[in-house]
Each structure stands twice: as C-alpha cells, then as structure tokens.
Number of protein chains: 2
Amino acid sequence: MKVLIIEDEIELLIVISNYLTKEKYVCVLAENFAKAREKLSIYEYDIILLDIGLPDGNGLKLIDTIKKYNHYAGLIIISAKNSLDDKISGLDKGADDYMTKPFQLSELNSRIRALLRRRQLDSSNTLTFNELTIDALAKTLIINGQEIKLTKKEYDMILYFVINKNRVLTKEAIAEHLWDDNIDLADSYDFIYTHLNNIRRKIKNAGGTDYITTIYGMGYKFTDQ
Amino acid sequence: MKVLIIEDEIELLIVISNYLTKEKYVCVLAENFAKAREKLSIYEYDIILLDIGLPDGNGLKLIDTIKKYNHYAGLIIISAKNSLDDKISGLDKGADDYMTKPFQLSELNSRIRALLRRRQLDSSNTLTFNELTIDALAKTLIINGQEIKLTKKEYDMILYFVINKNRVLTKEAIAEHLWDDNIDLADSYDFIYTHLNNIRRKIKNAGGTDYITTIYGMGYKFTDQ
DNA sequence: CCAATTCTAAAGCAAACCTAAAGAAAACAC
DNA sequence: GTGTTTTCTTTAGGTTTGCTTTAGAATTGG
C-alpha cells in the first residue's frame, strides 16, 4: 500500500512516515504544495494524507489536483483544531475522512485501515477475489458459490489477509491483530500455523486456490494473482 | 409504504420528501428530536430515515425510541461525512444501513428498495419463509397454518432474526436490540440462550424447521436455506 | 394474588482453540 | 554438495470456551 503524506511540519512528516513505514506502508513525502503536485504526477497512491494548512498554497486546492491524478486514492485530511471551515469544505470536495491535530498515530492507522476496508467492500458488504468471496455480514467465505464454514479465528484471519492483500504480514502483526494485546510474543507461533493450516485445508477442499503465500522467515502474504 | 424522515435541514427534508412522494411513498416529516418522538408515537412506519446530527438531541438516542415504538421498521441512518464514530455506533445499535451526506436521491431510493426487499414485508405485513410465517400485525408465528403462541420476547427475537436473515447477529447486537440500552454486558448471555431455546422448542413441536443456525463464537444466523 | 413471562443458575455437551511433536522445506554453514 | 539449523507444515489430542437444556426463582401484569 502506497501512502503520500503532504505535511509542512517536517518533524511531524517524519514521525508519521516512520510509523507508517513500520506498519508496512510505502511512504512518499511532500512538505509543500509544489512537491505535492510533483509527487502526485509521478505515482498513484492508495491513501493520501493531506494537511490543508500548507504555507505556500491552500491545501484545499490540492484536492482538485489529487482528484485529477489520483482518482481512486482515499483522502484523509489533517487540519489544525480550529479551522473547521477548511475541514468542511474539504469534505465537500471529496475527502473521505479527516483528523485534527494533535492525534495519536494509532488512530491514524486505524482510520487508514477503516478507509481501505470501506473502499474494498462493495454495496452488499462483500469482498471478492477471483473465485473467492468474503461476506462481511454473513461472515462467510464463498468459493465458487459454495459456502465454506469458518470458525471465528479463521474468519478473522482470512479477513485480515484480504484487507491487507499484497502486503507481507509478519507473524507478530498477525498475533497482535488477532489476539488480545501481546499474547506473550516470546512464545511460539504454533497457533498461527494451526489456524492457517485449517484455512488452507478448507479452501483447498472446496476447490479454491491458495492465495496465501508463505514468505519464509517473514510472514505471509495474500496475493490476488 | 410509510416513511418517516427525521432531518433538521429543512431544505433537505423537503427535497427528500418530494422525491420519495413522487416514488409513491407516504412521507411523514420531523425536523427535530421532539417532533420525531411525537410522530413515532402516533404511527408505525416501514422505513425511518434518521439524521443523527440533530441540533436538539443526539439522534442516536432516538434509535432506542424507534425500537420501542416501531419494532420492525427499517432504519437508515444519514450522517455528515466526518462523523465516522456515530456511523459505527449507529450500525451497532441496530441500524440497517447508513448514508453519508451529500448523497444522490436515486441512491437513497435504491437503498430503501434493497431494505424493503430484504425484509420481504408484503402488503399484509407478513413475512414468510417456507412453512414459517410471521404476522407483524397480529404478532404471531404461523407454521403450516397452525398458530404458535409466542411471548413478547420470543416474538421480538424471531422477528429480529427474520428481518436480518442471512446476517450473523452477535449476542451483543441481540442484547442491545432486544433489551433497553446496556443490560450490563459484563453479565452472561443466559437469557438469550433461554429464550432462543424456547423459540426453537416451539417451532420444533409445531413441526417446523430450525432456520436459526448457531455460529459458534460469533452469534446466530437465520438462514432461509 | 395468581398466572404468565422473564431471568438465573447449573449440569452436560460440543466446538473451537491451543499445545506439542514429528516430518518437510528452506536457509545457512562449512 | 552435505550436514545442520531454522522455520514452516501437518496432525493429533487435551484443554478451554461457549452453547444447550432443564429446573426453578424472581419479576411482571392483569
């Protein structure tokens, strides 16, 4: 997942970048209007964080540029707490969410995740990859029209994989996400192995392909190709 | 079909009302908390549109009132784009769908249609699944022409299941929907188990099939197949 | 005050989860 | 290349957790 961070406070820019990099996002940085335009014209991004209080040009104008170059990117606006008007006009212009400074990095992370998830869910709350469909309301996995019965842990796990498709998920990340806090990380990851094996077996038995590839020594990755 | 529209922006209220009236819905309007309560106590509605950003009282509180008076009404929440948290707690409390402002009227229409379709309330306010029929007016359950006597809790519960068919309903959601506010969620869910068991026994004794499947660790799901 | 309903408690049961251990595969060392 | 180490896969079974069922106590409503 590629994130463009547009923020004029260099310190904050670095902090956010470091945090998101640790969370396995690829970060591209822009500290002013000009740089932002430049970066926008080069790549496409999945998520754009935009501070609308830029010194060299109103960040709101950037929204138009973003829409022009990056039609599908999720846009999260960052603003100082008092500039309510900016926020509102930003949202009118097509931002998906906003945050006020100061904020917790963990909150930023969860908002990014929520946004990515919302973008992937279609109107009937399902996620589809080739022959594989996850129904978020029925909490089922459907392969070629056939409903696969998953346990809670299995469902949570495959959902976590699918939402973060094409990203390597370390065992640490999986453990932290699926189990309360730190389920003693000194321990082994046998429980992950077991559940993953159960998922793979069920998918295989239903005639589905195993999209979960093992990245030896690192973790796992759900690839849609 | 009767629609109650709760919205404080008068302009928007009128626009929605005009549109839905043209689509052959009967519209009742409420522009604030007090009016909404009043209208809720007078009639029953098929669909309720609720803007949770009301100025004179949090719209979320209205959800409880809605549940009290209008048990089987479909509830669609309307919210400003930024109030993510409201959206989420609204859905948790038993809303069936939500929309963010601004929205297309055509989208509203299709969401209402989808909701009505899902509920499958016919003209005589009954819901039928194979040999099982729920009469929302007489508040009875009919199996193969035989009328089953249900208590209020049992009736509310089976209705909640049926109108949310094919969705997993967590015990938390069931508790919040059928009991006032938080009936101390730290407690056990024994009361759910008991009532559910009573429903299943009555259906079974009447020769009906048990469409309520237990999703271990997640909740329950009413499946029509 | 009585009858119906709702809730509490507890025993028994079933599913899911985790642990452990053996085998396989990949990476590493030589 | 071969042996060793590390990491992952797979399977089995014990433990834990959550669900069912029943009985009866508490509550509610006429």
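All of these numbers come straight from a predicted model, not from anything done at the bench. (Residues numbered from 1 in each chain as written. Chains lettered and ligands numbered in written order. Predicted model: local features only at pLDDT ≥ 70, side-chain atom pairs only at ≥ 80, totals over all residues. Heavy atoms only, no water.)

On to the sheet that holds strand β3 (residues 47-51) of chain A. Within a sheet, adjacent strands bond to each other through the backbone by hydrogen bonds, running parallel or antiparallel. All names here are of chain A. Pairing in this open sheet of five strands is parallel, and the strands run β2-β1-β3-β4-β5 from one edge to the other. The open sheet is flanked by β2 (26-30) and β5 (97-100), the only strands paired with a single partner. Averaged over all adjacent pairs, the angle separating strand axes in this sheet is 20°, with direction ignored. As defined by bridge partners, strand β4 (residues 74-79) adjoins β5 across four bridges and the pair is classed as parallel. Note that in β5 the partner of Ile76 across the bridge is Asp97. (Pairing = 2+ DSSP bridges. Helix = DSSP H or I, 4+ residues; strand = E, 2+ residues; numbered from the N terminus. Axes fitted to C-alpha atoms, helices over the stretch in contact; angles between N-to-C directions.)

This part is about the protein's contact with DNA strand D. Near DNA strand D lie 18 residues; those nearest to it are A:Thr214, A:Tyr220, B:Tyr193, B:Thr214 and B:Tyr220. Protein-adjacent atoms of DNA strand D, using a 4 Å cutoff, are sugar or phosphate at a proportion of 67%. Contacts to DNA strand D include B:Tyr193, whose side-chain N or O atom sits 2.4 Å from a phosphate oxygen. Between DNA strand D and B:Thr214, the relevant distance is 2.6 Å, taken from a phosphate oxygen to a side-chain nitrogen or oxygen of the residue. Elements supplying a minimum of two residues to the surface near DNA strand D: α8 (190-205) of chain A together with α8 (190-205) of chain B. Of the residues assigned to the surface near DNA strand D, the class counts are six nonpolar, eight polar and four charged. (Near = heavy atom within 4 Å. Polar contact = N/O pair within 3.5 Å; in protein donor to acceptor, adjacent residues only side chain to side chain. Nonpolar A, V, L, I, M, F, W, Y, C, P; charged D, E, K, R; others polar.)

This paragraph deals with the sheet that holds strand β7 (residues 132-135) of chain B. All names here are of chain B. What the four strands build is an open sheet, ordered β6-β7-β8-β9; its pairing is antiparallel. The outermost strands of the open sheet, each flanked by one partner alone, are β6 (126-129) and β9 (146-148). Averaged over neighbouring strand pairs, the angle between their axes works out to 25° when direction is ignored. Here strand β8 (residues 140-143) pairs with β9 via three bridges, running antiparallel. Each bridged residue has a counterpart across the sheet, and for Ile142 the counterpart in β9 is Glu147. Each of β6, β7 and β8 is contacted by helix α6 (residues 152-163), which is oriented at about 115° to β7, the strand it contacts most. (Contact = heavy atoms within 4.5 Å.)

The next subject is the protein's contact with DNA strand C. Close to DNA strand C lie 17 residues; A:Thr151, A:Trp179, A:His195, B:Thr151 and B:Trp179 are nearest. Taken together, the sugar and phosphate atoms account for 64% of what DNA strand C places within 4 Å of the protein. Contact distances for DNA strand C include 3.4 Å between a base nitrogen and a side-chain N or O atom of A:Asp190. For DNA strand C, a base nitrogen lies 3.4 Å from a polar atom in the side chain of A:Tyr216. Secondary-structure elements contributing two or more residues to the surface near DNA strand C are α8 of chain A together with α6 and α8 of chain B. Within the surface near DNA strand C, the residues separate by chemical class into six nonpolar, six polar and five charged.

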